[in-house]
There are 2 protein chains.
Amino acid sequence: MEAKNILGGNTEGHLRPNLSQIERLKQFARQSASMLNLDRLDRELDQKLDREIASETGMSQPTKAAVIVIGGGEDKVQDRKILRAFVESSGGTSARIGIIPSASREPDIIGRIYSDIFRDLGAEFVDVFDIRDRRDRYQDDPGRLLDDFTGVFMTGGDQLRLCAIIGDTPFALAMRERVHQKRLVLAGTSAGAAAMGHHMISGGSSGETPHKEIVNMATGLGILPEIIVDQHFHNRNRMCRLMTAISSHPEMLGVGIDEDTAAVFEHDNLIKVVGRGAVTIIDPVEMSYSNQLWVSNTAPLTVHNLRIHILAAGAEYNLIKRVPISPSV
Amino acid sequence: MEAKNILGGNTEGHLRPNLSQIERLKQFARQSASMLNLDRLDRELDQKLDREIASETGMSQPTKAAVIVIGGGEDKVQDRKILRAFVESSGGTSARIGIIPSASREPDIIGRIYSDIFRDLGAEFVDVFDIRDRRDRYQDDPGRLLDDFTGVFMTGGDQLRLCAIIGDTPFALAMRERVHQKRLVLAGTSAGAAAMGHHMISGGSSGETPHKEIVNMATGLGILPEIIVDQHFHNRNRMCRLMTAISSHPEMLGVGIDEDTAAVFEHDNLIKVVGRGAVTIIDPVEMSYSNQLWVSNTAPLTVHNLRIHILAAGAEYNLIKRVPISPSV
């Protein structure tokens, strides 16, 4: 995973050649400050340059948030911290937001609920991408459609339904491309969160000794290809099913997200935690043994050496180094 | 933990000087076989010597099992694998078993149930230690009483009740001493399992983001002083409460035991897993950060670097090295 970007892009191949001249200038100034060991100056310079670029070019301040993965049950009436963070990351008052309600059996109702919220939170423009079919009009020229948006939000419902409707369609591919190119912020809650990985948990159970049947897997949208997401995490006692999923996909990283909590995946390969609960990381990189290959679907599993981090709001995790970042205490 | 025995004894001080001449002979023969790299011969020799010693001295075959910690709900009517293993470890047809039903509010009934089972499984003698008070007759000369027994079984019920009645009494101390001296096999199920540690989980909840109030701690019997036991483990979704308990006692090792499953702690510092479910080990030795000290009882926890092993029947764990033993596959 070293040289690769967690979003599936390659830092050598994809992102560096796309750095604009402005970004190069920024980087040079930042490096100068960094070489002088002026950390605060470094950050201030960075923020100042971001603001100047935004005002000079008329662009909104470039966001670092790439993908916002929400564990379901996010606050929709009070502070709306997570949904507000999504609107801010999408450009704040310049945000142009598309809502994908396809996971839901009531796309009209849920589309309207989120439209109202995002408008209320100050977004400039909100539309519902009412995709109900793999071949409907949204697939005609999805790149051109999406170029008019700064953020996309995938609602809850059923992740299998969502992926059956949009998985691997031109629309989904165009969306993924724009996220990786930093042109679009993508958020998903509940089913919309589960679908982020390439390997997706589609169902399962709790309250049992871990065994293969405790979790069902399917293919997700591959937005975060190296991540397996689980949501409503501690709320529905899903530690075991994510451990089970990860133990049969040891090249992946498990990310379990509680309700009203978000894991914000940034372009600099950090996860930042926002909201009321915790984000749990299950890292199998040191897994030395699992009996998965030899036992029946109902037999209890043996799994050696999983590494777990529980991260509350404010905590950060470095996806490249695979280490949580200790706050300065 | 290096030089210390997990049972709280000291391998230098306690156990080595107690090696009988017969055991020295055994050890010499075993070493010879081992030096010749004859593993099977080594084991066969070991078993043969054990049998010969048993027949020559009239002693029952020395058991390696010291403490059998059962996650509750053990099979009482069919194979009775775990209860049978306890009777075997206590001497089989020579087993003399005492039952402590003090955790239960119905000590008569539960005492009778287990008496019938242990007799049915072939134990030579079974009695119920009907301890209901910290100052009753069982405290008069507990050493002399216990010297007449080879195994003690603590039933389920309420671990707080059990510890309130026998914790730190002469009876409990005499029992612990005999376990560490390999003179007594001790088993406990459910509440009787929870009470094994020095730090004991007395209650808690699940289905919530980990926070300090998710688990209540009290003082246990200290039979396995460096272990925090949790029982009905995956069955009642207790991963989080044990993680929470361990993150505030990082010098301990967490052992979560499923129903109808036992962690057999042997005198050679191995845990062996028996039964239908799994034993889960939570090792905080690499825990690099926890916010426990700075947050309120209801705030979500941040905990970095817990190591987890899930161990099904047949799996083994080395308590000194703190590593699971990989089966030869």
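Residues numbered from 1 in each chain as written. Chains lettered and ligands numbered in written order. Predicted model: local features only at pLDDT ≥ 70, side-chain atom pairs only at ≥ 80, totals over all residues. Heavy atoms only, no water.

J.: Tell me about the overall build of chain A, residues and numbers included.
T.: Of the regular secondary structure elements, chain A holds 10 helices and 16 strands. Here chain A holds 329 residues, and 54% of them are scored as buried. Excluding contacts between residues fewer than 6 apart, the proportion of contacts in chain A whose partners are at least 24 apart in sequence is 71%. For chain A, the computed accessible surface area is about 14,400 Å², with 47% contributed by carbon and sulfur atoms. (Helix = DSSP H or I, 4+ residues; strand = E, 2+ residues; numbered from the N terminus. Buried < 20%, exposed > 50% of the residue type's maximum accessible area, 1.4 Å probe, protein only. Contact = heavy atoms within 4.5 Å. Areas by Shrake-Rupley, 256 points an atom, 1.4 Å probe, with all protein chains shown as cover.)

J.: An account of the relation of the copies chain A and chain B is requested, with residue identities and associated values reported.
T.: Each copy superposes on the other: chain A lies on chain B with an RMSD of 0.0 Å after a rotation of 180 degrees and an axial shift of 0.0 Å. Those values place the two copies in the arrangement expected of a two-fold rotation axis. The rotation axis passes nearest to the C-alpha of Arg307(A) in chain A, at a distance of 2.4 Å. Most of the interface of chain A is mirrored in chain B: 100% of its interface residues are interface residues there too. (Least-squares fit on C-alpha atoms with pLDDT ≥ 70 in both.)

J.: Describe in detail the packing of helix α10 (residues 239–247) of chain A against helix α10 (residues 239–247) of chain B, supporting the description with residues and values.
T.: With their axes 10 Å apart at the nearest point, α10(A) and α10(B) run at an angle of 90 degrees to one another. In terms of orientation, α10(A) and α10(B) fall into the roughly perpendicular class. Counted together, Met239(A), Cys240(A) and Met243(A) of α10(A) and Met239(B), Cys240(B) and Met243(B) of α10(B) form the full contact between these two elements. Class assignment for the residues of the contact of α10(A) with α10(B) results in six nonpolar, no polar and no charged. (Axes fitted to C-alpha atoms, helices over the stretch in contact; angles between N-to-C directions. Parallel < 35°, antiparallel > 145°, perpendicular 65-115°, else oblique. Nonpolar A, V, L, I, M, F, W, Y, C, P; charged D, E, K, R; others polar.)

J.: Tell me about the packing of aromatic side chains, residues and numbers included.
T.: Residues and elements named next belong to chain B. Considering all chains together, one arrives at 22 aromatic pairs over all chains under this definition. Ring geometry for Phe125 versus Phe149: centroids 5.8 Å apart, planes at 45 degrees, classification tilted. Within this pair, whereas Phe125 is found in strand β3 (residues 125–128), its partner Phe149 is found in the loop between α6 (142–146) and β4 (151–154), the two being separated by 24 residues in sequence. Residue class for Phe125 comes out partly exposed when judged on its relative accessible area of 32%. Ring centres 6.4 Å apart and planes at 85 degrees place the aromatic pair Tyr138 and Phe171 in the edge-to-face group. Taken together, the residues Tyr138 in the loop between β3 and α6 and Phe171 in helix α8 (residues 170–180) connect sequence positions 33 residues apart. (Phe/Tyr/Trp six-rings, centres within 6.5 Å; stacked < 30°, edge-to-face > 60°.)

J.: Report on the pattern of salt bridges, specifying residues and quantitative values.
T.: Evaluated as defined, the whole model comprises 34 salt bridges over all chains. The partner of Asp230(B) in a salt bridge is Arg241(B), and the shortest N-O contact between them spans 2.8 Å. Here Asp230(B), found in strand β8 (residues 227–231), pairs with Arg241(B), found in helix α10; they are 11 residues apart in sequence, far enough to count as distant. Side by side, Asp230(B) and Arg241(B) carry an identical accessibility label, which is buried. Put simply, Glu286(B) and Arg307(B) hold a salt bridge, and the shortest N to O gap is 2.7 Å. Taken together, the positions of Glu286(B) in the loop between β12 (278–283) and β13 (289–290) and Arg307(B) in strand β14 (residues 303–312) put the pair 21 residues apart, joining distant regions of the chain. Sharing partners across several salt bridges, the network here consists of Asp147(A), Glu177(A), Arg178(A) and Arg183(A). (Salt bridge = Lys/Arg side-chain N within 4 Å of Asp/Glu carboxyl O.)

J.: Account for the confidence of the model for chain A, with residues named and values stated.
T.: Residue and element names in this part refer to chain A. With 80% of its residues at a pLDDT of 70 or more, chain A has an overall mean of 87. Across residues 9–22, confidence stays below pLDDT 50; counting only partners more than four residues off in sequence or on other chains, it has 17 contacts. Considering only residues more than four positions removed or in separate chains, one finds that residues 53–63, a stretch of pLDDT under 50, has 14 contacts. Quick note on the complex model: pTM equals 0.83, ipTM equals 0.81. (pLDDT = per-residue confidence, 0-100.)

J.: Any details on the environment of Asn305(A)? Residues and values, ideally.
T.: Structurally, Asn305(A) is set in strand β14 (residues 303–312). The exposure class of Asn305(A) is buried, given its relative accessible area of 12%. Expressed as a C-alpha distance, the spacing of Asn305(A) and Arg96(A), which sit 209 residues apart in the sequence, is 45 Å. One polar contact links Asn305(A) to Arg307(B), side chain to side chain, over a distance of 2.6 Å. (Polar contact = N/O pair within 3.5 Å; in protein donor to acceptor, adjacent residues only side chain to side chain.)

J.: Requested: an account of the side chain of Asp230(A), with residues and values cited.
T.: Residues and elements named next belong to chain A. Residue Asp230 is classed as buried on the basis of its relative accessible area of 0%. A polar contact of 2.8 Å, which involves the side chain of Asp230, links it to the side chain of Arg241. Residues contacting Asp230, with those up to four places away along its chain left out, are Ile201, Arg238, Arg241, Leu242, Val255, Gly256 and Ile257.

J.: Give me the environment of Ala218(B): which residues, what numbers.
T.: All names here are of chain B. Mapped onto the secondary structure, Ala218 falls in strand β7 (residues 215–219). A sequence separation of 20 residues divides Ala218 from His198, and the C-alpha atoms of the two residues are 8.5 Å apart. Residues within four places of Ala218 in sequence aside, it is in contact with Leu160, His198, His199, Met200 and Ser202.

J.: Tell me about the interface of chain A and chain B, and name the residues and values.
T.: With 37 residues of chain A in contact, the opposing surface of chain B contributes 37 residues. Taking both sides of the interface into account, the surface hidden between chain A and chain B amounts to around 3,100 Å²; carbon and sulfur atoms contribute 58%. Summed over the three residues of chain A that lose the most area to chain B, namely His304(A), Arg307(A) and Ile310(A), the buried surface amounts to 17% of that side. Where chain A touches chain B, the interface holds two salt bridges. Those elements that provide at least two residues to the side of chain A that touches chain B are α10, β14 and β16 (323–325) of chain A. In terms of residue count, β14(A) provides more of the side of chain A that touches chain B than any other element does, 10 residues in total. For the side of chain A that touches chain B, the class distribution of residues is 20 nonpolar, 12 polar and five charged. Bridge count between β14(A) and β14(B): five bridges; the pairing is antiparallel. Its bridge partner lying in β14(B), Arg307(A) is registered against Arg307(B). (Buried area = accessible area lost by both parts, 1.4 Å probe. Pairing = 2+ DSSP bridges.)

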